[in-house]
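Analysis of the macromolecular model
Here's the letter readout for the chains.
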Amino acid sequence: MDAEVLVVGLGSMGSMALWRLAGRGVKAIGFDRFTPPHTLGSHHGGSRIIRTAYYEAPEYVPLARRSFELWRDLEKETGQRLLVMTGGLHMGPPGSPEFDGALLSARQHGVEHEVLDAEEVRRRFPQHALRPDEMGVLETDAGYLLPEACIATALDRAQDLGAEAYFDVQVTAVEPVDGGVAVTAGDRRWTARRAVVAAGVWNSKLELPDLGVPLRIKRQTQAWFRTSQPELHSPERAPVFIRHGLEPGTDLAYGFPSLDGSTIKIGVFEAVELEVDPDTVDRTPGASDYAAVSRFVKAGMPDLDPEPERAAVCLQEFTPDHHFVVEPLRAAPAITVLVGFSAHGFKFASVLGEAAADFALEGGTDLAVGHLSATRFALCSRRATGWAGACSRSGMGCTTASTPTWGPR
Ligand SMILES: Cc1cc2nc3c(=O)[nH]c(=O)nc-3n(C[C@H](O)[C@H](O)[C@H](O)COP(=O)(O)OP(=O)(O)OC[C@H]3O[C@@H](n4cnc5c(N)ncnc54)[C@H](O)[C@@H]3O)c2cc1C
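As the structure is a prediction and not an experimental result, all values here were calculated from the model.

A few words now on the overall build of the chain. Check the secondary structure of the chain and you find 9 helices and 19 strands. Expected size for 409 residues packed as a compact globule is a radius of gyration near 22 Å; at 21 Å, the chain falls within 12% of this value. The principal-axis extents of the C-alpha atoms in the chain amount to approximately 65 × 45 × 45 Å. Expressed as a percentage of its 409 residues, the buried residues of the chain come to 60%. Put simply, 74% of the contacts in the chain that link residues at least 6 apart link residues at least 24 apart. Total accessible area on the chain stands at roughly 15200 Å², and carbon and sulfur atoms take up 50% of it. Of the side-chain charges in the chain, 40 are positive and 53 negative, and the distance between the mean point of each set is 2 Å.

What follows concerns the pattern of salt bridges. Taken as a whole, this structure holds 25 salt bridges when the rule is applied. For E77, the salt bridge identified is with R157, shortest N-O distance 2.6 Å. Pair noted here: E77 is in helix α2 (residues 61-78) and R157 is in helix α5 (residues 147-160), with a separation of 80 residues, a long-range link. Overall, E77 belongs to the partly exposed group, its relative accessible area being 34%. Three or more residues joined by partner-sharing salt bridges are found here, namely R20, R66, E69 and E354.

With that settled, the discussion passes to the site of the ligand. Taken together, 36 residues are adjacent to the ligand, and S12, D32, H43, I49 and K347 come closest. One of the backbone N or O atoms of A343 is found 3.4 Å from a nitrogen atom in the ligand. Within the backbone of H344, one N or O atom sits 3.4 Å away from an oxygen atom of the ligand. Where the shell around the ligand is concerned, the elements lending two or more residues are α1 (12-23), β3 (48-50), β13 (216-226) and β17 (310-318). Broken down by element, the shell around the ligand gets its largest block of residues, 3 residues, from β17. Considering only residue class, the shell around the ligand consists of 18 nonpolar, 14 polar and 4 charged.

With that settled, the discussion passes to α1. The end-to-end C-alpha separation of α1 is 17 Å, in line with the 16 Å expected for 12 residues at 1.5 Å each. In terms of residue burial, α1 counts as a mostly covered element, since 11 of its 12 residues are buried. Every buried residue belonging to α1 is among S12, M13, G14, S15, M16, A17, L18, W19, R20, L21 and A22, and all of these are buried.

Following both chains from N to C, one finds α2 and helix α7 (residues 349-362) inclined at 95°, their axes separated by 7 Å at the closest point. As the angle between them shows, α2 and α7 are arranged roughly perpendicular. Residues L63, R66, S67, L70 and W71 of α2 form the contact with α7, whose participating residues are A349, S350, V351 and E354. Of the residues that constitute the contact of α2 with α7, the class distribution is 5 nonpolar, 2 polar and 2 charged.

Looking at where Q127 falls in the secondary structure, it is placed in the loop between α4 (118-124) and β7 (135-139). Exposure remark for Q127: the relative accessible area of 3% places this residue in the buried category.

Of all 8 residues making up strand β16 (residues 263-270), 7 are buried, and the element is well covered by its neighbours. Examined bridge by bridge, β13 and β16 share 4 bridges and lie antiparallel to one another. Each bridged residue has a counterpart across the sheet, and for R226 the counterpart in β16 is T263.

What follows covers the sheet that holds β3. The 3 strands are arranged β3-β8-β4 in an open sheet whose pairing can be described as antiparallel. Since the sheet does not close on itself, it has two edges, and those belong to β3 and β4 (83-85), each with one partner. Looking at each pair of strands side by side, their axes are set apart by 30° on average, direction ignored. Taken together, the 3 bridges between β4 and strand β8 (residues 143-145) define a ladder with antiparallel strand orientation.

Rules of the game
- Residues numbered from 1 in each chain as written.
- Predicted model: local features only at pLDDT ≥ 70, side-chain atom pairs only at ≥ 80, totals over all residues.
- Heavy atoms only, no water.
- Helix = DSSP H or I, 4+ residues; strand = E, 2+ residues; numbered from the N terminus.
- Rg over C-alpha atoms; globule rule 2.2 N^0.38 Å.
- Buried < 20%, exposed > 50% of the residue type's maximum accessible area, 1.4 Å probe, protein only.
- Contact = heavy atoms within 4.5 Å.
- Areas by Shrake-Rupley, 256 points an atom, 1.4 Å probe, with all protein chains shown as cover.
- Lys, Arg positive; Asp, Glu negative; His and termini not counted.
- Charge placed at Lys NZ, Arg CZ, Asp CG, Glu CD.
- Salt bridge = Lys/Arg side-chain N within 4 Å of Asp/Glu carboxyl O.
- Near = heavy atom within 4 Å.
- Polar contact = N/O pair within 3.5 Å; in protein donor to acceptor, adjacent residues only side chain to side chain.
- Nonpolar A, V, L, I, M, F, W, Y, C, P; charged D, E, K, R; others polar.
- Expected span 1.5 Å × (residues − 1).
- Axes fitted to C-alpha atoms, helices over the stretch in contact; angles between N-to-C directions.
- Parallel < 35°, antiparallel > 145°, perpendicular 65-115°, else oblique.
- Pairing = 2+ DSSP bridges.

And the structure:
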C-alpha cells in the first residue's frame, strides 16, 4: 500500500482533511488537478462567511462551534491569521427563513444574540436601509474566513506534519479493491486502506461508486461595490450579513465588511440559475451576472455605487435540498465523500476535514454529521424524480412535502 489514506481534491475540504489526517501521524497522500488555492472551483474571492445561528437548520450549530475551534487551532499551529470576527446580522421579515431560522438556531442552542427591529438596525448599522417590516438577529459568534490563506496554510501544515501533496495531477478513478482502495492519478495507480474524495464541482466527473445524490453545478457571481462612506464598513464596525431577498426571484443577499477600505463584496442567490459544466463554462462575468446584486444594492445599501467595480464567477455544486453529503459510501465504505456544499460549506471545512479523518481512520465519528447522510434522499421523492420536482426555492433547505424529518425550520 502506498498510504493509509489517499485524499482526492485539495481545495477547501481536501486540504483540511489532509491536515487533520497528518496531525494524527498517519501516512496521507493528496492529489489536486490544479494547485490550490486557485480560481477555477468554489473557494476564491477573498472571504467566506462563518456564523453560528445557522438559519438553514439548527443541526449545523454544533458543527459551526467545533469548526471555530479548529480554525483557531490552525491559526495557533501556524501563526497565520485566517479568521476575522465581526458578528453576524441576519435580516428579513418575521416569517422569512433568514430571520426565523437564525432565531430558531440561536434559541435552540443558546447562541448569544440580540433581536433588533428595523429602526434599531438602521440606527446601529446605517449601511442597511431596512423596510419597516424587516427585523434583525445580531449574533456575536460570526465573522469571515480568508479562504485562500486557509487552504494554503492547511496544505503547508499538513506537509510539515509529513503528508505528501501532488499538484497538477488529475485523478480519474477511485475504486474499492481487496483490503482498501485504488486511485488512478495521472499514469499511476495508487493504493491505500481508505480514500477521501473532495473534488468539488468535478466530483461527478470522477469514476466512482454511486454517490447516492444527484448533483448540479451552478455559476455564482460575487461583486465588489465602491462605498462613499468607508467608515461604515470597517470590520470593527460592520457585521457580515445575510438578508432575505428584496425582490421576487431573489432568495437572499449576503455580504462582508470592506477588506480593502473602499469596496464591499456582496452576492445574491437567485431562484433561476443555469446548470453548467465546469470544464467548458464561461468564467468571465457579464452584466447579466451582476444585475440582481446591483438591484439589491440600489434598494438596500444606499451608500454603495450599484455599478460594481469588479466581479468574479465562482462555481458551486448543489444537492437537491442544499444540504451536504459527508459519509463513507454505502457501496464502498472505504471511500468517504464530502460533496454538495451548496454555497455554504467553507466555514465547515475544518470540522468536516476532521469528520473525514474520523471516518477514514475509525470507520465512524462522534461529530454531529448524521443529518449529512445521503440516506435522506432515499426518503425524498426527488431522488426518484431527479431534479424534475426541484426545490420550491433556491435557498438552503428543502421546503417541500418530501423534506426529511430532520430538516430545517
Ligand atoms: C460565490 C460563492 C460564495 C460562497 N460563500 C460562502 C460563504 O460565505 N461561507 C461559506 O461557508 N461558504 C461559502 N461558499 C461555499 C464554499 O466556498 C464551498 O462550499 C466550498 O469551497 C466547497 O469546497 P470543495 O472542497 O467542495 O471545493 P473546492 O474548494 O473547489 O475544492 C475541490 C478541489 O478538487 C480539485 N479536483 C477536482 N477534480 C479533481 C480531480 N479529478 N483530481 C484531483 N483534484 C481534483 C479541484 O482542483 C479543487 O482544488 C461560497 C461559494 C461560492 C461559489
